[in-house]
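A look at the structure
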Amino acid sequence: MEISERDRPRAGQWWALLGFAAAVFVAAAIGGLGVRGTGAEYAALEQPAWAPPSWLFGPVWTLLYALIALAGWLVWRRVGFGAALVAWTVQLALNAIWTPLFFGAGRYGLAFAELVLLWLAIAVTVVLFDRVRRLAAVLLLPYWAWVTFAGALNFAIWRLNG
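Presented here is a report on the structure given in the accompanying data block. What you see is a predicted model, and the numbers here were worked out from it, not measured in a lab.

This part covers the overall build of the protein chain. Within the protein chain, the secondary structure is distributed over six helices and zero strands. Compactness check: the protein chain gives a C-alpha radius of gyration of 17 Å against a globular reference of 15 Å for 162 residues, within 12% of the reference. The 162 residues of the protein chain split such that 42% are buried. The contacts of the protein chain with a sequence gap of at least 6 include a subset with a gap of at least 24, amounting to 78%. For the protein chain, the accessible area works out to roughly 8800 Å², and carbon and sulfur atoms hold 70% of it. Charge-centre separation for the protein chain: the mean point of 11 positive side chains lies 5 Å from the mean point of 7 negative side chains.

If you want it as structure tokens, here you go:
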């Protein structure tokens, strides 16, 4: 596959990639602000048999956040800021909200409802990204799949602990 001229990164675009990575890092950090002991809280919850161990979430989210940043950057390089990156920003904000709702507030039902909104926002982002750059949309598919799994897990925990 040949890379077109418009897809060849210029020097300043590498700084933009760092900006997208920083935006994702900030969203992750906001999500974790004031929420400590999530591993212990997660372990104390009644969980379905298929629930993953708490140690798995860190590595998975690290990879997913890297993919989210890269996907946003690829779209930005192609079309700049527009509807696709507005959708990207919305899903990132919704991503940041879930952890405080689930762990900080212990509002499992509300966290599930918020996760449904996040899932829909990711869907919109994938569709809009696909119109701009298929690779960017594909990079979001593992994230969308994980949020689907997380939604099922959140729902199960809500039902078991509600």
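Having seen it, we continue.
Now for helix H3 (residues 57-79). Relative to the 33 Å expected for 23 residues at 1.5 Å per residue, H3 spans 33 Å between its end C-alpha atoms, a close match to the ideal helical length. Among the residues trailing H3, Gly 80 stands out with phi positive, at a value near 75°.

As a further point, take the environment of Asn 154. Structurally, Asn 154 is set in helix H6 (residues 134-161). Accessibility expressed as a relative area gives 1% for Asn 154, which makes it buried. Counting along the chain gives 46 residues from Asn 154 to Tyr 108, while the straight-line C-alpha distance between them is 6.8 Å. Not counting chain neighbours up to four residues away, the residues in contact with Asn 154 comprise Trp 98, Phe 102, Tyr 108, Ala 111, Phe 112 and Leu 115. Within the structure, Asn 154 has its side chain in polar contact with the side chain of Trp 98 (distance 2.8 Å). Of note is the side chain of Asn 154, whose polar atom sits 3.4 Å from the backbone nitrogen of Phe 112.

Let us now look at the pattern of salt bridges. The final tally for this structure, using the stated rule, is one salt bridge. Put simply, Arg 134 and Asp 130 hold a salt bridge, and the shortest N to O gap is 2.6 Å. In this structure Asp 130 comes out as partly exposed when scored by relative accessible area, which is 31%.

As a further point, take the environment of Pro 100. Structurally, the position occupied by Pro 100 is in helix H4 (residues 83-104). On the basis of relative accessible area, Pro 100 is assigned to the partly exposed category, the value being 28%. Sequence spacing of Pro 100 and Ala 111 is eleven residues, and the spatial spacing of their C-alpha atoms is 8.6 Å.

Right, let's talk about the packing of H4 against helix H5 (residues 108-132) for a bit. Between H4 and H5, the least distance of the axes is 8 Å, while the angle of their chain directions is 160°. Between H4 and H5, the crossing angle belongs to the class labelled roughly antiparallel. Note on packing geometry: the crossing formed by H4 with H5 is left-handed. Residue composition of the contact of H4 with H5, by class: 22 nonpolar, three polar and one charged.

A word on the nonpolar core. In this structure, Ile 68, Trp 88, Phe 102, Phe 129 and Tyr 143 are the most contacted members of the largest nonpolar core, which totals 49 residues. Counting only elements with at least two residues in this core, the list comes to helix H1 (11-32), H3, H4, H5 and H6. In this structure Tyr 143 touches Trp 61, Leu 64, Ile 68, Gln 91, Asn 95, Leu 118 and Ile 122, once residues within four positions along its chain are discounted.

Conventions used here
- Residues numbered from 1 in each chain as written.
- Predicted model: local features only at pLDDT ≥ 70, side-chain atom pairs only at ≥ 80, totals over all residues.
- Heavy atoms only, no water.
- Helix = DSSP H or I, 4+ residues; strand = E, 2+ residues; numbered from the N terminus.
- Rg over C-alpha atoms; globule rule 2.2 N^0.38 Å.
- Buried < 20%, exposed > 50% of the residue type's maximum accessible area, 1.4 Å probe, protein only.
- Contact = heavy atoms within 4.5 Å.
- Areas by Shrake-Rupley, 256 points an atom, 1.4 Å probe, with all protein chains shown as cover.
- Lys, Arg positive; Asp, Glu negative; His and termini not counted.
- Charge placed at Lys NZ, Arg CZ, Asp CG, Glu CD.
- Expected span 1.5 Å × (residues − 1).
- Polar contact = N/O pair within 3.5 Å; in protein donor to acceptor, adjacent residues only side chain to side chain.
- Salt bridge = Lys/Arg side-chain N within 4 Å of Asp/Glu carboxyl O.
- Axes fitted to C-alpha atoms, helices over the stretch in contact; angles between N-to-C directions.
- Parallel < 35°, antiparallel > 145°, perpendicular 65-115°, else oblique.
- Left-handed = near helix turned anticlockwise from the far one by under 90°.
- Nonpolar A, V, L, I, M, F, W, Y, C, P; charged D, E, K, R; others polar.
- Core = buried A, V, L, I, M, F, W, Y, C linked by side-chain atoms within 4.5 Å.

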